[in-house]
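# Observations on chain architecture
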Amino acid sequence: MIKSIADLPIEGKRVFLRVDLNVPLTPARGVADDSRIRASLPTIEHAIKRGARVVLASHLGRPKGPTPQLSLEPVAARLAELLEREVILTDEAVGDGARKVVADLRDGDVALLENLRFFPGEEANDDGFARQLAAYADVYVNDAFGTAHRAHASTVGMIAHVAVKGAGLLMMKEIEFLGRLLGPVDKPYLAVIGGAKVSDKIGVLENLLGRVDAFLIGGAMANTFLKAKGAGVGKSRVEEDKLALARAFLKKADDRKVEVLLPVDVVAAASLDAGEGQVVRADQVPGEAMALDIGPETARGFADRITRARTVFWNGPMGVFEKRPFAKGTVAVAEAVASCRGLTVVGGGDSVAAVNEVDVGAKITHISTGGGASLEFIEGRTLPGIAALEVEA
Ligand code: ADP
Ligand code: MG
């Protein structure tokens with residue numbers, strides 16, 4: 001079992017809280033989107049309220065060694081604003097400066113260690129680095145679901161050196177809702193899968209086969225499936241080396257009587273920069289055109305199924321939603337997921353961005369904060385950062 005921070009003795013204790021503060025920055029080094037900081041607030045505030053001495057740690061970007069542009073400084077500033085209290089940023093993740101900051105913390109104080117990835121030991125899961133981090137902690141709490149699929153020093157290595165461990169409130173929520181999708185749920189249960197590549201999503205498709213009643217497939221992925229069935233897809237993005245895989249999946253689904261709904265119409269254009277697309281039959285995309293969105297008939301069909309479902313998992317946009325002329329299918333799906341009264345879960349970086357753009361987040365049961373991590377979870381894989389939190393019941 002995994003203990004929630006709510007059930008751990010943290011009063012007056014130094015709590016090492018691994019959070020995901022890996023936010024996008026503006027060119028002027030401001031925080032471009034503070035959603036991840038906000039998502040971490042409930043656990044941080046919980047720890048403060050209970051009088052813990054909070055040591056926050058996160059990575060930011062992919063630095064190769066210390067990189068001033070990737071300092072957590074703007075994140076610390078934004079976090080301090082949101083918490084309405086001081087957040088002391090250490091000069092380095094480990095070292096004399098950080099040790100002093102942590103030693104001086106009083107109950108309810110908050111420190112943030114500088115970018116963990118300035119040290120190669122973080123990603124290498126180096127035991128020496130892990131022990132240095134562990135030295136700050138009476139209690140270890142991981143709330144960084146977005147990095148739970150990585151075995152790094154702060155997500156795995158250090159945990160063996162701390163006596164008490166558990167998950168933050170966000171991590172508990174992710175495990176609960178993503179976990180539900182892999183257990184008994186109300187039916188009909190639909191998986192709406194889109195996005196770029198079959199190869200990114202095949203693990204998800206395979207693990208959901210046998211659980212869901214139907215797959216609704218859109219996005220560039222759908223092109224590979226359509227071509228595998230012999231459709232003319234023009235110049236659409238297709239993974240030629242995945243046609244056999246797509247065919248094998250369709251066969252397996254058919255054998256198990258699981259529906260796989262592919263687009264019947266698409267919005268096609270000669271280029272991504274076309275001002276508008278043309279609606280054509282999905283199997284008759286003109287030679288010089290690419291399918292860049294699902295068409296209106298497909299969108300209506302998908303939306304209808306989604307609205308009436310009792311459980312929906314959605315990952316992957318239905319088209320190139322970043323471009324206005326090709327966003328309608330994704331918007332229609334986002335609205336349908338929002339209007340579904342059952343359990344609705346959205347995972348994947350781009351799908352979550354789409355949900356936020358359409359501004360329907362509040363009507364969705366759970367929006368996963370982990371892109372790659374949520375996919376690996378739904379693939380049924382063991383995430384090392386979650387496995388490392390397990391304790392005997
Ligand atoms: P997620 O991050 O939600 O898992 P993906 O990363 O798999 O989603 O896919 C998102 C990307 O797929 C977007 O950049 C989008 O533009 C692209 N995409 C979707 N449909 C198409 C299409 N028909 N042709 C080309 N690219 C597409
Ligand atoms: Mg993506």
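What you see is a predicted model, and the numbers here were worked out from it, not measured in a lab.

## Examining the pattern of salt bridges
Applying the stated criterion across every chain yields a total of 27 salt bridges. A salt bridge links K187 to D213; the shortest N-O distance between them is 3.6 Å. In this pair, K187 is assigned in the loop between α6 (169-180) and β7 (189-193) and D213 in the loop between α7 (198-208) and β8 (214-217), connecting sequence segments 26 residues apart. Measuring nitrogen to oxygen at the nearest pair gives 2.9 Å for the salt bridge that ties D255 to K251. One end of the pair, D255, and the other, K251, are both in helix α9 (residues 243-255), four residues apart, so they sit about a helical turn from each other. One connected set of salt bridges, linked through shared partners, spans D34, R38, R78 and E81.

## Observations concerning the packing of aromatic side chains
Evaluation of the coordinates by the stated rule reveals five aromatic pairs. Seen in terms of ring centroids, F225 and F249 are 6.1 Å apart; in terms of plane orientation they differ by 65°. Their pairing is edge-to-face. Here F249 lies in helix α9 and F225 lies in helix α8 (residues 219-228), a separation of 24 residues in the sequence. Here F249 falls in the buried class, since its relative accessible area comes to 0%. Ring-pair connections join several aromatic residues into one group, and the members of that group are F215, F225 and F249.

## Remarks on the sheet that holds strand β11 (residues 278-281)
Across the sheet, three strands lie side by side as β11-β10-β12; this open sheet has antiparallel pairing. One side of each edge strand has no neighbouring strand; the edge strands of this open sheet are β11 and β12 (290-294). Going from strand to strand, the sheet's axes swing by 50° on average, the running direction of each strand aside. Inspection of the sheet shows strand β10 (residues 265-269) paired to β11 by four bridges, in the antiparallel sense. Note on β11: the bridge partner recorded for D265 is R281.

## Some thoughts on the packing of α8 against α9
Relative to each other, α8 and α9 sit at 80°, their axes nearing to 8 Å. Overall, the two elements α8 and α9 adopt an arrangement that is roughly perpendicular. Contact residues: T224, F225, K227 and A228 in α8; L243, A246, R247, F249 and L250 in α9. Looking at the contact of α8 with α9, its residues break down into six nonpolar, one polar and two charged.

## Here's the deal with the sheet that holds β8
Taken in spatial order, the six strands of this open sheet run β9-β8-β7-β13-β14-β15, and their pairing is parallel. Of all the strands in the sheet, the pair left with one neighbour each is β9 (259-261) and β15 (366-367). As paired elements, strand β13 (residues 311-315) and strand β14 (residues 343-346) share four bridges and run parallel to each other. Counterpart to F313 in the pairing with β14 is V345. Helix-sheet contacts for helix α10 (residues 296-308) involve β7, β8, β9 and β13, and the interaxial angle to β8 is about 140°.

## Topic: the site of ligand 1
Close to ligand 1 lie 18 residues, the nearest being K201, A291, E322, D350 and S351. One of the backbone nitrogen or oxygen atoms of A220 is found 3.1 Å away from a nitrogen atom of ligand 1. Alone, ligand 1 offers 580 Å² of accessible surface; in the complex the protein occludes 85% of this. No other element matches helix α12 (residues 349-358), which puts three residues into the shell around ligand 1.

## What to know about the side chain of S40
Take S40: it is sitting in helix α1 (residues 35-49). From its side chain, S40 meets the backbone oxygen of R36 in a polar contact 3.0 Å long. Those residues within four positions of S40 in sequence are excluded, and the remaining contacts are V19, D20, L21 and D143.

## Considerations on the side chain of N223
Note on placement: N223 falls in helix α8. In this structure N223 comes out as buried when scored by relative accessible area, which is 3%. From its side chain, N223 meets the backbone oxygen of R237 in a polar contact 3.0 Å long. Setting aside residues up to four positions removed in sequence, N223 forms contacts with V233, S236, R237, V238 and A291.

## What about the domain arrangement of the protein chain?
Split by domain assignment, the protein chain resolves into domain 1 (5-172) and domain 2 (181-378). Computed from C-alpha coordinates alone, the two centres of domain 1 and domain 2 are separated by 35 Å. Listed as interface residues are six residues of domain 1 and, on the opposing side, eight residues of domain 2. Both sides together, the interface formed by domain 1 and domain 2 hides about 590 Å², and carbon and sulfur atoms give 65% of it. Our enumeration of links across domain 1 and domain 2 arrives at zero salt bridges. For the side of domain 1 that touches domain 2, the class distribution of residues is three nonpolar, two polar and one charged.

## A closer look at the environment of A103
Here A103 lies in helix α3 (residues 96-104). Separated by 33 residues in sequence, A103 and Y136 have C-alpha atoms that sit 8.2 Å apart.

## Describing the packing of α7 against α8
Geometrically, a packed helix pair is captured by the angle between its two axes and the distance between the axes. Packing of α7 against α8 brings their axes to within 10 Å, and their N-to-C directions diverge by 85°. In terms of orientation, α7 lies roughly perpendicular with respect to α8. Of the residues in α8, those touching α7 at V198, K201 and L205 are M221, T224 and F225. Residue classes in the contact of α7 with α8 are distributed as four nonpolar, one polar and one charged.

Reading the values: rules and limits
Residues numbered from 1 in each chain as written. Chains lettered and ligands numbered in written order. Predicted model: local features only at pLDDT ≥ 70, side-chain atom pairs only at ≥ 80, totals over all residues. Heavy atoms only, no water. Salt bridge = Lys/Arg side-chain N within 4 Å of Asp/Glu carboxyl O. Helix = DSSP H or I, 4+ residues; strand = E, 2+ residues; numbered from the N terminus. Phe/Tyr/Trp six-rings, centres within 6.5 Å; stacked < 30°, edge-to-face > 60°. Buried < 20%, exposed > 50% of the residue type's maximum accessible area, 1.4 Å probe, protein only. Pairing = 2+ DSSP bridges. Axes fitted to C-alpha atoms, helices over the stretch in contact; angles between N-to-C directions. Parallel < 35°, antiparallel > 145°, perpendicular 65-115°, else oblique. Contact = heavy atoms within 4.5 Å. Nonpolar A, V, L, I, M, F, W, Y, C, P; charged D, E, K, R; others polar. Near = heavy atom within 4 Å. Polar contact = N/O pair within 3.5 Å; in protein donor to acceptor, adjacent residues only side chain to side chain. Areas by Shrake-Rupley, 256 points an atom, 1.4 Å probe, with all protein chains shown as cover. Domains from an automatic or database assignment. Buried area = accessible area lost by both parts, 1.4 Å probe.

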